[in-house]
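# Descriptive structure summary
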Amino acid sequence: MNLIHIYTDGACKGNPGPGGWGVLLKLGDTEKELFGGERETTNNRMEMMAVIQGLSALKKPCIVTLFLDSQYVLKGITEWLPGWKAKGWRTAAKQPVKNVDLWQQLDALVAGGGHQIEWRWVKGHAGDPGNERADALANKGVDLALGR
């Protein structure tokens, strides 16, 4: 299996507001950049979209190190998801899980992709080159959403 590094980030101008997501995929010396956006969204949705798009870009099972600066996505996928599913997509407070459509998409990608994924949190805007590139791509996604 290929060893791939994926850097993801989301951006939002207002929350909610226009937003974008960015992904940097690195396989050895080969790099691929992805980005997109939506006119009315939230920062959390864009952080999730970046991860979904990054994993969706993989055409065969890989060993993935996925770098993200979102505690929401990291804790959601590594801690909260089993409980949400067991409770019928409800939180511990019995409220509907926010962004359930994206959580279900992400869950399906993680469970069904055949990938070995190591989730690695990085501090945002702290000089990590991969995170900085993903952030710049997410901002390009905002511009795309705004028609710029």
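An account of the accompanying structure is given in this report.

## A closer look at the overall build of the protein chain
Looking only at helices and strands, one finds four helices and five strands in the protein chain. The N-to-C order of helical and strand elements in the protein chain reads β-β-β-α-β-α-α-β-α. A compact globule built from 148 residues would reach a C-alpha radius of gyration of about 15 Å, and the protein chain, at 15 Å, matches this within 12%. Reported as C-alpha extents along the three principal axes, the dimensions of the protein chain are approximately 45 × 40 × 25 Å. Residues classed as buried in the protein chain amount to 45% of the 148 residues present. For the protein chain, long-range pairs separated by at least 24 residues make up 66% of all intrachain contacts whose partners lie at least 6 apart in sequence. Here the protein chain displays about 7600 Å² of accessible surface, and carbon together with sulfur accounts for 52% of that area.

## Comments concerning the packing of helix H1 (residues 43-56) against helix H3 (residues 100-112)
In a packed pair of helices, the relevant descriptors are the angle between the two axes and the axis-to-axis distance. Look at H1 against H3: their axes get within 10 Å of each other, and the N-to-C directions meet at 25°. Judged by the angle between their axes, H1 and H3 are roughly parallel. The handedness of the crossing between H1 and H3 is left-handed. Residues Arg45, Met48, Met49, Val51, Ile52, Leu55 and Ser56 of H1 pack against Asp101, Leu102, Trp103, Gln105, Leu106, Leu109 and Val110 of H3. A class-by-class count of the residues in the contact of H1 with H3 yields ten nonpolar, two polar and two charged.

## Quick notes on the nonpolar core
Nonpolar side chains tend to gather and get buried jointly when the protein is soluble and globular. If you look at the biggest cluster of nonpolar residues, it comprises 32 residues, and the most contacted ones within it are Ile6, Leu55, Leu66, Trp103 and Trp119. Of all the secondary-structure elements, those providing two or more residues to this core are strand S1 (2-12), strand S2 (17-27), H1, strand S4 (62-68), helix H2 (71-86), H3 and strand S5 (116-121). With seven residues, the single largest contributor to this core is H1. Dropping the residues within four chain positions of it, isoleucine 6 is found in contact with Val23, Leu24, Leu25, Gly54, Leu55, Leu58, Val64, Thr65, Leu66 and Phe67. Counting residues in each nonpolar core, the second largest holds five residues, with Tyr7, Phe67, Val122 and Ala134 among its members.

## A closer look at the pattern of salt bridges
This structure, assessed with the given rule, holds seven salt bridges. One salt bridge connects arginine 45 with aspartate 101, and the closest N-O pair in it is separated by 2.9 Å. One end of the pair, arginine 45, is in helix H1; the other, aspartate 101, is in helix H3, and 56 residues separate them in sequence. One salt bridge connects aspartate 143 with arginine 148, and the closest N-O pair in it is separated by 2.9 Å. Three or more residues are tied together by salt bridges with common partners; here these are Lys26, Glu31, Glu33 and Arg133.

## Some points on the layout of surface pockets
Of the volumes computed, that of the largest pocket is approximately 230 Å³. For the largest pocket, the lining is made up of 13 residues, of which Ile4, Leu25, Leu27, Ala57 and Leu58 are closest to its centre. Among the secondary structure elements, those contributing two or more residues to the lining of the largest pocket are S1, S2 and strand S3 (30-41). A breakdown of the residues in the lining of the largest pocket according to their chemical character gives six nonpolar, two polar and five charged.

Cut-offs used in this document
The residue numbers shown here count from 1 along each chain, following its written sequence. The model is predicted, so local features are restricted to residues of pLDDT at least 70 and side-chain atom pairs to those at 80 or more, both for listing and for counting; the totals for chains, interfaces and linings are taken over all residues. The basis for every side-chain value is the complete set of heavy atoms in the structure, and neither hydrogens nor water enter the calculation. The numbering of helices and of strands both runs from the N terminus, where a helix is a DSSP run of H or I of at least 4 residues and a strand a run of E of at least 2. Atoms counted for the radius of gyration: C-alpha only. Globule rule: 2.2 Å times residue count to the power 0.38. Between buried and exposed lies partly exposed: a residue is buried under 20% and exposed over 50% of the maximum accessible area for its type, with that area taken using a 1.4 Å probe on protein chains only. Contacts are assigned to residue pairs with any non-hydrogen atoms lying within 4.5 Å of each other. In short, Shrake-Rupley with a 1.4 Å probe defines the accessible areas, and a residue's cover is counted only from the protein chains shown. Fitted lines through C-alpha atoms serve as axes, helices being fitted only where they are in contact, and the angles separating the N-to-C directions of these axes extend from 0 to 180 degrees. Orientation is classified from the angle alone, with under 35 degrees giving roughly parallel, over 145 giving roughly antiparallel, 65 to 115 giving roughly perpendicular, and any other angle giving oblique. Less than a right angle of anticlockwise turn of the near helix away from the far helix marks a crossing as left-handed, whereas a clockwise turn marks it as right-handed. When residues are sorted by character, Ala, Val, Leu, Ile, Met, Phe, Trp, Tyr, Cys and Pro go into the nonpolar class, Asp, Glu, Lys and Arg into the charged class, and all the rest, Gly among them, into the polar class. Note on terminology: a nonpolar core comprises buried Ala, Val, Leu, Ile, Met, Phe, Trp, Tyr and Cys residues joined through side-chain atoms within 4.5 Å. Salt bridges are identified by distance alone: a Lys or Arg side-chain nitrogen within 4 Å of an Asp or Glu carboxyl oxygen. A cavity here means a set of points on a 1 Å grid, drawn over the protein atoms and nothing else, where a 1.4 Å probe fits but cannot get out; a pocket is an open set with protein on both sides within 12 Å along at least five of seven lines, and a residue lines either one if it has an atom within 4 Å of a point. Grid points are joined across faces, edges and corners, and a volume is the space filled by probe spheres set on the points.

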